[in-house]
Amino acid sequence: MIDLIFPDGSQRQYEDGATGRSVAASIAKSLEKRAVLIKLDGKLYDLDRALPSGGVFEILTRDAPEALDTIRHDASHVMAEAVQELFPGTQVTIGPAIEDGFYYDFARDTPFSTDDLATIEKRMKEIVDRDEPITREVWNRDEAIEHFKSIGEAYKAEIISDLPESEEITVYRQGAWKDLCLGPHLPSTKHVGKAFKLTKVAGAYWRGDHRNAQLQRIYGTAWASEADLEAYLLRLEEAEKRDHRKIGRAMDLFHMQEEGRGMVFWHEKGLTLWRTVEAYVRRRLEAAGYQEVRTPQVLDRVFWEKSGHWEKYRPNMFVCETEEGEELSLKPMNCPGHVQIFKFGQKSYRDLPLRMAEFGACHRYEPSGSLHGLMRVRAFTQDDAHIFCREDQIEEETANFIELASSIHADFGLTRDHITLATRPEVRAGSDEFWDKAEAQMLSAARKAGVEPVIAEGDGAFYAPKLDFVLKDAIGRTWVCGTIQLDYVLPERLDAEYVAEDGSKQRPVMLHRAICGSLERFIGVLIENYAGAFPLWLAPTQVVVATITSDANDYALQVAQELRAAGLRVETDLRNEKINYKIREHSLGKTPVIAVVGRREAEEGKVALRRFGSDGQEILSLAQAAKTLALEALAPDVARSTTGAASVSPREPVGAREAG
RNA sequence: GCCGGAUUAGCUCAGCUGGUAGAGCAGCGGUUUUGUAAACCGAAGGUCACGGGUUCGAGUCCUGUAUCCGGCACCA
């Protein structure tokens with residue numbers, strides 16, 4: 001007998017061999033009809049599978065949030081069946097549910113084209129209409145391998161061979177089609193419904209390794225209802241509008257062109273935003289005890305050989321040769337340069353921790369396929385710094401850094417998605433004992449700062465583990481902005497040392513860290529986060545003074561001058577256009593404040609302020625307007641120190657999350 | 001780098017099965033002096049990404065290259 005505890009707290013006993021379906025039927029015939037899965041002690045099971053034990057029990061219908069992943073997973077199976085029907089000879093590999101949908105990787109000589117998607121989608125709907133029952137079978141391991149080999153499914157056979165001996169081999173039959181799968185699944189294809197859409201085709205490497213064969217991946221999105229699907233597609237459309245590349249052009253912030261792939265031409269407005277960000281970060285670093293330096297842009301090959309970068313990253317470095325035959329490289333990073341400054345003269349234990357910062361312009365020849373607007377470029381500026389410290393200072397420095405970075409991200413209105421702890425990679429420097437210690441140090445520092453990192457197995461740098469701060473862009477892609485990495489290797493390689501208390505020479509530890517990551521990427525994320533509607537302190541143009549008639553031109557110039565004197569970034573619009581036209585244009589341009597002046601304001605010495613996102617007006621004297629706006633335009637850190645108040649931010653940040 | 005897709009005026013996009021290019025907005029010239037999200041008129045603007053080919057004829061078909069977009073891989 002097994003005991004089941006239901007959501008309402010009641011408890012009932014069932015015969016051994018009872019299934020979710022039989023339990024549902026015992027409660028109500030209508031429930032049995034609607035049931036698609038069951039949840040037992042938090043785990044999902046097929047409706048028709050004999051319950052393995054008693055426990056906390058719940059019957060899930062198709063609308064249950066927990067069922068959505070299974071709908072998506074089943075949609076991927078339905079797609080695989082459709083593909084194998086339509087394209088005989090195509091092998092299946094894996095097809096999981098993912099955020100918002102699913103994909104399936106196929107092995108096939110001829111790649112799929114986007115035109116195939118409609119055909120496959122149509123066949124999928126037919127399979128749903130066929131209402132093929134989905135049933136679970138447990139197979140003998142060797143027979144399973146033999147079977148999949150015999151039907152030409154080499155990848156499936158390989159997957160089974162690699163499964164641990166203890167693992168049960170389960171095969172799901174779906175009509176005449178079958179697939180090796182852990183499950184669970186819905187009772188039949190009908191339950192997948194038709195709220196799905198195939199979205200894109202892509203190449204993907206078998207097991208995520210570029211040395212393996214490239215498979216054909218088809219992505220789709222699937223939802224419980226047609227309405228959810230519509231809502232998702234609408235959300236995507238909205239998110240595309242905040243793409244930083246689109247907004248960057250529309251707002252005249254920057255551009256890129258063919259001759260400089262992965263290089264940014266910053267226009268006046270974009271650079272203003274850049275300088276605002278940079279100035280803010282510089283103030284925060286100064287307050288946190290950093291010193292700022294600048295190191296050479298181009299250095300001799302020998303220098304990079306010594307640091308170890310030449311050997312490992314030569315293909316990704318911009319190298320040039322001089323007339324005299326010297327080989328030089330544009331710096332791909334700032335660390336070795338900082339070590340030179342550290343080594344200049346003698347350093348004492350009293351100098352530690354020594355925090356050395358540089359807004360360092362670096363160049364890396366990134367693979368062509370990885371370039372992506374401002375997010376991944378070949379010429380970028382890191383808000384880089386290296387903390388030289390003793391081993392016993394690592395934890396505190398790391399914890400302080402996490403707090404500083406979190407505070408800075410918050411001031412920019414950015415919501416962190418998560419922090420990852422990237423652990424030892426396969427190819428690495430240093431012993432296992434070293435890695436054990438280093439990983440433990442990073443983890444405990446994170447916890448000390450109140451953060452529980454997500455572990456990214458094997459993603460560490462070759463010399464050390466790292467903590468990465470992950471933010472999201474408008475359509476939910478994640479980008480690393482901010483990182484801290486522990487490094488014992490470079491100080492050793494470049495022979496950095498300090499004099500300890502007892503007079504002995506000691507090796508410092510280096511913490512590599514960045515808060516924005518690269519200014520380019522950070523600004524890209526900022527643009528998408530705010531959809532271009534920046535808070536006053538960041539907006540490239542803060543105020544536009546717009547005239548109603550040319551009578552007010554002189555006064556408008558005076559207004560602009562006074563607002564500029566108060567430290568604001570001001571433009572004037574004296575064009576011979578109707579005020580409606582100007583309001584519309586500057587509203588679409590997302591200018592935070594439009595100051596309208598007509599004959600009335602000129603006579604009374606006033607301005608009519610109109611804020612972005614509101615259609616009301618605020619009539620103030622010129623002096624008062626200047627004072628109010630100047631106060632609102634203070635950067636959050638300055639606002640805190642001058643007013644003692646929390647950040648003055650009249651404009652709500654538009655969360656990237658809502659688009660994710 | 002790999003797989004798919006795209007590339008037409010400054011921008012956003014039309015251009016059916018091949019018959020030598022079209023709109024809206026912006027820009028320019030004029031009229032209009034206007035009170036909080038688009039005043040009116042006019043003229044102009046294109047080697048249809050680039051190279052080769054098929055054809056009497058190519059923006060349209062084939063092919064190569066470049067760049068961009070979506071993924072994959074990479075990211076010191």
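Per-chain numbering applies: the sequence of each chain, read as written, is numbered from 1 onward. Lettering of chains starts at A and numbering of ligands starts at 1, both following the order in which they are written. For this predicted model, a pLDDT threshold of at least 70 governs which residues receive local features, and a threshold of 80 or more governs which side-chain atom pairs are given and counted, while totals over whole chains, interfaces and linings are taken from all residues. The basis for every side-chain value is the complete set of heavy atoms in the structure, and neither hydrogens nor water enter the calculation.

*Asks:* Could you give an account of the overall build of chain A, with specific residues and numbers?
*Replies:* In terms of regular secondary structure, chain A is built from 21 helices and 33 strands. Taken along the three principal axes of its C-alpha coordinates, chain A extends 85 × 75 × 55 Å. Taken across its 660 residues, chain A has 51% of its residues classed as buried. A separation threshold of at least 6 residues defines the contact pool for chain A, and within that pool the share at least 24 residues apart is 68%. Where helices and strands are cited, they refer to DSSP runs of H or I of at least four residues and of E of at least two residues respectively, numbered from the N terminus. Here's how the labels work: a residue is buried when its accessible area is under 20% of the maximum for its type, exposed when over 50%, partly exposed in between, all with a 1.4 Å probe on protein chains only. Contacts: residue pairs with any heavy atoms within 4.5 Å of one another.

*Asks:* Describe the pairing of strand β24 (residues 466-472), listing the residues and the values that go with them.
*Replies:* Counting buried residues in β24 gives seven out of seven residues, a clear majority hidden from the surface. Because side chains alternate across β24, one face comprises the buried residues Lys466, Asp468, Val470 and Lys472, and the other comprises Leu467, Phe469 and Leu471, equally buried. Alignment of β24 against strand β25 (residues 478-487), held across six bridges, turns out to be antiparallel. Following the sheet pairing, aspartate 468 is matched in β25 by threonine 483. Any two strands are treated as partners once DSSP identifies two or more bridges connecting them.

*Asks:* Help me get a handle on the sheet that holds strand β18 (residues 319-321), residues and values and all.
*Replies:* With antiparallel pairing, three strands are arranged side by side in an open sheet as β17-β19-β18. The open sheet has two edge strands, β17 (298-300) and β18, and neither has a second partner. Strand-to-strand, the axes of this sheet are offset by a mean angle of 35°, without reference to chain direction. Simply put, an axis is a line fit to the C-alpha atoms, just over the touching stretch for a helix, and the angle between two N-to-C directions goes from 0 to 180 degrees.

*Asks:* Could you give me a rundown of the packing of aromatic side chains, with the residues and numbers involved?
*Replies:* Whether two aromatic rings pair depends on their centres lying within 6.5 Å, for rings of Phe, Tyr and Trp, where Trp uses its six-membered ring; planes under 30 degrees apart make the pair stacked, over 60 edge-to-face, and the rest tilted. Going through the model one piece at a time under the given rule, you end up with 22 aromatic pairs. Between the aromatic rings of phenylalanine 342 and phenylalanine 388, the centroid separation amounts to 4.4 Å while the plane-to-plane angle is 15°, which identifies the pairing as stacked. Within this pair, whereas phenylalanine 342 is found in helix α12 (residues 335-343), its partner phenylalanine 388 is found in strand β21 (residues 379-389), the two being separated by 46 residues in sequence. Pair check on accessibility: phenylalanine 342 and phenylalanine 388 agree, each one buried. Centroid distance phenylalanine 434 to tyrosine 488: 5.1 Å. Interplanar angle 90°. Geometry classified as edge-to-face. Remark: tyrosine 488 occurs in the loop between β25 and α15 (489-493) and phenylalanine 434 occurs in helix α14 (residues 432-448); sequence separation between them is 54 residues. Residue classification places phenylalanine 434 among the buried positions, given a relative accessible area of 13%. Over the ring of tryptophan 223 we find arginine 72, and its NZ or CZ is 4.4 Å from the ring centre. In this arrangement the basic side chain of arginine 378 is found over the ring face of tyrosine 365, its NZ or CZ atom lying 4.1 Å from the centre. Ring-over charges, as used throughout, are those where CZ of Arg or NZ of Lys falls within 6 Å of the ring centre and within 35 degrees of the ring normal.

*Asks:* Mind laying out the layout of surface pockets, listing which residues take part and the relevant values?
*Replies:* A pocket, in this scheme, is an open set of points on a 1 Å grid over the protein atoms alone with protein on both sides within 12 Å along at least 5 of 7 lines, while a cavity is a set where a 1.4 Å probe fits but cannot get out; residues line either one if an atom lies within 4 Å of a point. Grid points are joined across faces, edges and corners, and a volume is the space filled by probe spheres set on the points. Put simply, the largest pocket is a space of about 1,400 Å³. Looking at the largest pocket, it is lined by 40 residues, and the ones nearest its centre are Arg364, Glu366, Gln382, Lys466 and Gln485. Residues belonging to the lining of the largest pocket are distributed by class as follows: 17 nonpolar, twelve polar and eleven charged. Each residue gets one of three labels, nonpolar for Ala, Val, Leu, Ile, Met, Phe, Trp, Tyr, Cys and Pro, charged for Asp, Glu, Lys and Arg, and polar for the others, Gly among them.

*Asks:* Tell me about the side chain of arginine 284, and please be specific about residues and values.
*Replies:* One can find arginine 284 in helix α9 (residues 268-287). Filtering out sequence-adjacent residues up to four positions away, arginine 284 remains in contact with Leu404, Ser407, Ile408, Asp411, Asp637 and Arg640.

*Asks:* An account of the packing of helix α5 (residues 141-150) against helix α6 (residues 154-162) is needed here, citing residue identities and associated values.
*Replies:* Their axes nearest at 8 Å, the elements α5 and α6 cross at an angle of 160°. Here α5 lies roughly antiparallel to α6, going by the angle between them. As for how α5 packs across α6, the hand of that crossing is left-handed. Here α5 contributes Arg141, Ala144, Ile145, Phe148 and Lys149 to the contact with α6, which in turn contributes Lys156, Ala157, Ile160 and Ser161. Its residues placed into classes, the contact of α5 with α6 shows five nonpolar, one polar and three charged. Angles below 35 degrees are treated as roughly parallel, those above 145 as roughly antiparallel, those between 65 and 115 as roughly perpendicular, and all remaining angles as oblique. Here a crossing is called left-handed whenever its near helix is offset anticlockwise from the far helix by less than a right angle, and right-handed whenever the offset is clockwise.

*Asks:* Residue-level account of the protein's contact with RNA strand B, with values.
*Replies:* One heavy atom within 4 Å of a molecule or strand is enough for the residue carrying it to be called near that molecule or strand. In the region of RNA strand B, 58 residues are neighbours, and Gln214, Arg261, Ser368, Asn576 and Glu601 sit closest. At the protein interface, 54% of the atoms of RNA strand B within 4 Å belong to sugar or phosphate. Arginine 364 places a side-chain nitrogen or oxygen 3.5 Å from a base nitrogen of RNA strand B. Among the secondary structure elements, those contributing two or more residues to the surface near RNA strand B are β12 (196-205), β13 (214-222), α8 (244-250), α11 (309-313), α18 (579-588), α19 (599-604) and β32 (606-611). A per-element tally of the surface near RNA strand B places α18 first, with seven residues. Across the surface near RNA strand B, the residue classes tally to 20 nonpolar, 21 polar and 17 charged. In protein, a polar contact means a hydrogen-donor-capable atom and an acceptor-capable atom, both N or O and within 3.5 Å, with residues adjacent in sequence counting only if both atoms are side-chain atoms; elsewhere, any N or O pair within 3.5 Å suffices.

*Asks:* Which residues make up the confidence of the model for chain A, and what values go with them?
*Replies:* Interpretation of the predicted coordinates at a detailed level should be avoided for regions scoring low in pLDDT. As a per-residue measure, pLDDT reflects the predictor's confidence and takes values from 0 up to 100. Averaged over chain A, the pLDDT score is 94; the fraction of residues at 70 or greater is 97%. The model gives residues 647-660 a pLDDT under 50, and that stretch makes 37 contacts with residues more than four places away or in other chains.

*Asks:* For the packing of α9 against helix α13 (residues 394-411), give the residues involved together with the corresponding values.
*Replies:* Packed helices, taken two at a time, are described by their axes: the angle between them and the distance between them. Contact geometry for α9 and α13: axes closest at 12 Å, N-to-C directions at 150°. With respect to α13, the axis of α9 lies roughly antiparallel. The element α9 and its partner α13 pack so that their crossing is right-handed. Judged by residue contacts, Tyr280, Arg284 and Leu285 of α9 engage Leu404, Ser407, Ile408 and Asp411 from α13. Looking at the contact of α9 with α13, its residues break down into four nonpolar, one polar and two charged.

*Asks:* Any details on the nonpolar core? Residues and values, ideally.
*Replies:* Counting residues in each nonpolar core, the largest one holds 69 residues, and the members touching the most others are Phe412, Leu486, Phe522 and Leu538. With 30 residues, the next largest nonpolar core counts Ala64, Ala75, Ile127 and Phe196 among its residues. Side-chain atoms within 4.5 Å link the members of a nonpolar core, which is a set of buried Ala, Val, Leu, Ile, Met, Phe, Trp, Tyr and Cys residues.

*Asks:* Lay out the sheet that holds strand β3 (residues 35-40) with the relevant residues and their values.
*Replies:* Ordered by their spatial adjacency, five strands build an open sheet running β2-β1-β5-β3-β4, and the pairing between neighbours is mixed. Whereas interior strands pair on both sides, the edge strands pair on one side only; in this sheet they are β2 (11-14) and β4 (43-46). For this sheet, the mean angle separating the axes of adjacent strands, direction not counted, is 40°. Relative to strand β5 (residues 55-61), strand β1 (residues 2-5) runs parallel, the two sharing two bridges. From the neighbouring strand, isoleucine 5 faces β5, where its bridge partner is valine 56. Those strands touched by helix α1 (residues 20-27) are β1, β2, β3 and β5, and its axis lies near 125° from that of β2.

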